[in-house]
Each structure stands twice: as structure tokens, then as C-alpha cells.
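Structural characterization, general
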Amino acid sequence: MQSTAILSALAQEQHGLIELLQRPSKVNRAGRDFWLGELHGQSVVLALSKIGKVAAATTATALIERFGVQRMVFTGVAGGLGVGVDVGDVVVGQSFVQHDLDASPLFPRYEVPLYGKTQFGSDTVLTQQLLEAARSTLKQRHVSQAYPAAKAHLGLIASGDRFVSGAMESNALRAALLAANHDVLAVEMEGAAVAQVCHDYGIPFAAVRTISDRADDTAHVDFPSFIDQVASQYARTIVKTFLKLL
Ligand code: SAH
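Just so you know, these numbers come straight off a predicted model, no measurement behind them.

Calculation criteria
Residues numbered from 1 in each chain as written. Predicted model: local features only at pLDDT ≥ 70, side-chain atom pairs only at ≥ 80, totals over all residues. Heavy atoms only, no water. Helix = DSSP H or I, 4+ residues; strand = E, 2+ residues; numbered from the N terminus. Rg over C-alpha atoms; globule rule 2.2 N^0.38 Å. Buried < 20%, exposed > 50% of the residue type's maximum accessible area, 1.4 Å probe, protein only. Contact = heavy atoms within 4.5 Å. Areas by Shrake-Rupley, 256 points an atom, 1.4 Å probe, with all protein chains shown as cover. Lys, Arg positive; Asp, Glu negative; His and termini not counted. Charge placed at Lys NZ, Arg CZ, Asp CG, Glu CD. Pairing = 2+ DSSP bridges. Near = heavy atom within 4 Å. Polar contact = N/O pair within 3.5 Å; in protein donor to acceptor, adjacent residues only side chain to side chain. Expected span 1.5 Å × (residues − 1). Salt bridge = Lys/Arg side-chain N within 4 Å of Asp/Glu carboxyl O. Core = buried A, V, L, I, M, F, W, Y, C linked by side-chain atoms within 4.5 Å.

In terms of regular secondary structure, the protein chain is built from 7 helices and 10 strands. By the compact-globule yardstick of 18 Å for 246 residues, the protein chain fits well, its C-alpha radius of gyration being 17 Å. With respect to the principal axes defined by its C-alpha atoms, the protein chain has extents near 50 × 45 × 30 Å. Of all 246 residues assigned to the protein chain, the portion counted as buried reaches 54%. In the protein chain, the proportion of contacts linking residues at least 24 apart, taken out of those at least 6 apart, comes to 77%. For the protein chain, the accessible area works out to roughly 10,400 Å², and carbon and sulfur atoms hold 52% of it. Taken as two groups, the 21 positive and 23 negative side-chain charges of the protein chain have centres that lie 7 Å from each other.

To continue, consider the pairing of strand S5 (residues 71-80). Burial of S5 is extensive: 10 of the 10 residues sit out of reach of the surface. By the bridge criterion, 5 bridges tie strand S1 (residues 3-8) to S5 in an arrangement that is parallel. Bridge pairing in S5 places serine 8 opposite threonine 75. Across 8 bridges, S5 lies against strand S10 (residues 205-213) in parallel orientation. When the sheet's bridge partners are listed, alanine 78 is paired in S10 with isoleucine 211. Taken together, the 2 bridges between S5 and strand S9 (residues 184-188) define a ladder with antiparallel strand orientation. Following the sheet pairing, glycine 80 is matched in S9 by alanine 186.

This paragraph deals with the site of the ligand. The immediate surroundings of the ligand are formed by 18 residues, with Val164, Met189, Glu190, Arg209 and Asp213 found nearest. Between the ligand and the protein, one listed contact pairs a nitrogen atom with a backbone N or O atom of glycine 79 at 3.4 Å. Arginine 209 is positioned such that a nitrogen or oxygen atom in its side chain is 3.1 Å from an oxygen atom of the ligand. Taking 570 Å² as the accessible area of the ligand by itself, protein coverage stands at 76%.

Its location among the elements puts serine 95 in strand S6 (residues 90-98). With a relative accessible area of 13%, serine 95 lands in the buried category. Reaching out from serine 95, the side chain makes a polar contact with the side chain of glutamine 119 at a distance of 3.0 Å. Setting aside its immediate chain neighbours within four residues, serine 95 contacts Gln119, Phe120, Gly121, Ser122, Gly155, Leu156 and Ile157.

As a further point, take the environment of valine 230. In this structure, valine 230 sits in helix H7 (residues 219-245). Separated by 20 residues in the primary sequence, valine 230 and threonine 210 place their C-alpha atoms 8.8 Å from one another.

A word on helix H5 (residues 167-179). Taking 1.5 Å of rise per residue, 13 residues should cover 18 Å, and H5 covers 18 Å from first to last C-alpha, within 8% of that figure. Those residues of H5 that are buried lie in contact with S6, strand S8 (152-159) and S9.

Let us now look at the pattern of salt bridges. Tallied over the entire structure, the rule returns 10 salt bridges. Across the pair lysine 26 and aspartate 33 runs a salt bridge, and its minimum N-O distance is 4.0 Å. By relative accessible area, which is 32% here, aspartate 33 ends up partly exposed. Linked through salt bridges whose partners overlap, the residues forming this network are Asp86, Asp89 and Lys151.

What follows covers the environment of alanine 176. By the element assignment, alanine 176 lies in helix H5. With 77 residues separating them in the primary sequence, alanine 176 and histidine 99 have C-alpha atoms 9.1 Å apart. Once residues lying within four places of it in the same chain are set aside, the contact partners of alanine 176 are Arg109 and Tyr110.

On to the nonpolar core. In terms of nonpolar packing, the biggest core is built from 65 residues, with Leu39, Leu63, Met72, Val194 and Phe205 touching the most fellow members. Counting residues per element, this core draws most heavily on H7, which supplies 9 residues. Setting aside residues no more than four positions away along its own chain, phenylalanine 205 makes contact with Met72, Phe74, Phe96, Ser122, Asp123, Leu126, Thr127, Gly191, Val194, Ala195 and Cys198. Residues Leu81, Leu173, Val184 and Ala215 belong to the second largest nonpolar core, which totals 11 residues.

Limitation: the analysis is restricted to geometry and does not speak to function.
Next up, the structure:
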């Protein structure tokens, strides 16, 4: 059976998944725990990416090289940047850009040197399945009751090694990206790195992010309680629905 990697950035997002894992076994590699088993009838490897692009790239590489996963899905939280991308919404990544990559003037701003690319796309089929899972999750009132108007979005996600937590900073980030034709919906710290690793290996990749904050002056306040109370619940339901669609 094809094995699916499910990556989470934070332990709180992963706990609910480990609890549901059938025939679990744990392997430690590169200072990380990898949980192997079955989830909703699918062979899976659960991993914590840790935080930031390098940690996420290391985890993704180990999942492919050591555990031979054939597809990869990231579930996590992100700050909303796009207009109308609000706390409690879900963003499914269609493509990814590294907002802190700047090798100009040698290369255009945001371009990944030697790839000739600024964005890495997600896998079309996996992404549609994830979007369907996200939409169906938001319709389940016991999951999304705190956010009855929550929406699912599909679009561009920006990743970088910075927790964006200021209105001025997030406005400037959005404006700079827009000026280079990157109309970003959300900002986080791992997705574009995992997308690049999966591109290198030819592994289908998809990612879903629940919006935990608006990357503004209250981002650090909103974040911790949201992870505990909402994001873990969203992740569990989205992953369950997604795995059943595979
Ligand atoms: N307080 C946390 C640290 C979280 S870092 C801890 O103690 O562990 C933020 C994580 O959530 C990253 O994994 C990132 O991908 C995502 N994220 C959520 N909101 C974000 C924002 N406004 N800017 C950048 N990353 C954000």
C-alpha cells in the first residue's frame, strides 16, 4: 500500500492523530519521532516538522529517503494575509513562495536560485481532495462552531523564517509580494520548504492551514489558545475526511 506522510508543525496539532493511529510504531531519526501505522485504513507516517524552513526540509527529506513515503500532506496553522482570510478559515495551498528569499540583484526577488522558479505548486489531485475535506469539515458544526462563517480558500501561501506579528509588518509583506505578482492568502514558516523538497523528489505534495491569527499586533495572543482549542480539532477532522477520499 502507498504510504502517506502527514506532517504537522506543532505537537498539539499532531496529538489527536497519534491517538487514532492503528498498530503504531515509533522510529527516531534525525532527532525526530516518526510514527508509522494505519489511519482510517491508510498506511501513514506521522511526523513533526518542527518550526521553520530548514527543520521542515530535513523532516520531509527523511520521510522520503528513510521511510519511502509516496505522497506528503502538511497540516498546520498560519497567519491570514489576504483580504477576507479570517481566523477560523482554512487555506489550502495551490502554490508556495519563500517570502524571505532574496538573491537580488543576481536573481529576481523571491526566485529560488538555480531553479528558475519563484513558486512551487502543490499536486492538483491531492489538493482538490484536501480542499474537499476542508469544506466538508467546516460544514460540521461541532468542529467549526466557534467560527460559523468560516470559509475554505485555495491559493498562494508564503513561507519564511519569521513569525509575522505586527500589522505594519504584515501589510508591508503583503504589499512587497503583490508588487512581484504574488497574491498571498496566508503566511507560515514551513510549506514552501516542503514543497521544494517534494518537487526535487517528484513526490506529490499538498498542504492545509487553519488561520490562527491575522499576522497583526495580536497574533502572539491569539495563537496559543487557538492551537489548543481549534486547530487540533480541525486537523483531525480534515485528515480523516481526506484519507477516506484517497
Ligand atoms: N508559540 C509556538 C511557536 C509557533 S511559531 C511555540 O511555542 O511552539 C508559529 C507556527 O505557526 C509555525 O509553525 C508557522 O508555520 C505557523 N504560523 C501561524 N501564524 C503565523 C504567523 N503569523 N507568521 C508566521 N507563521 C505562523
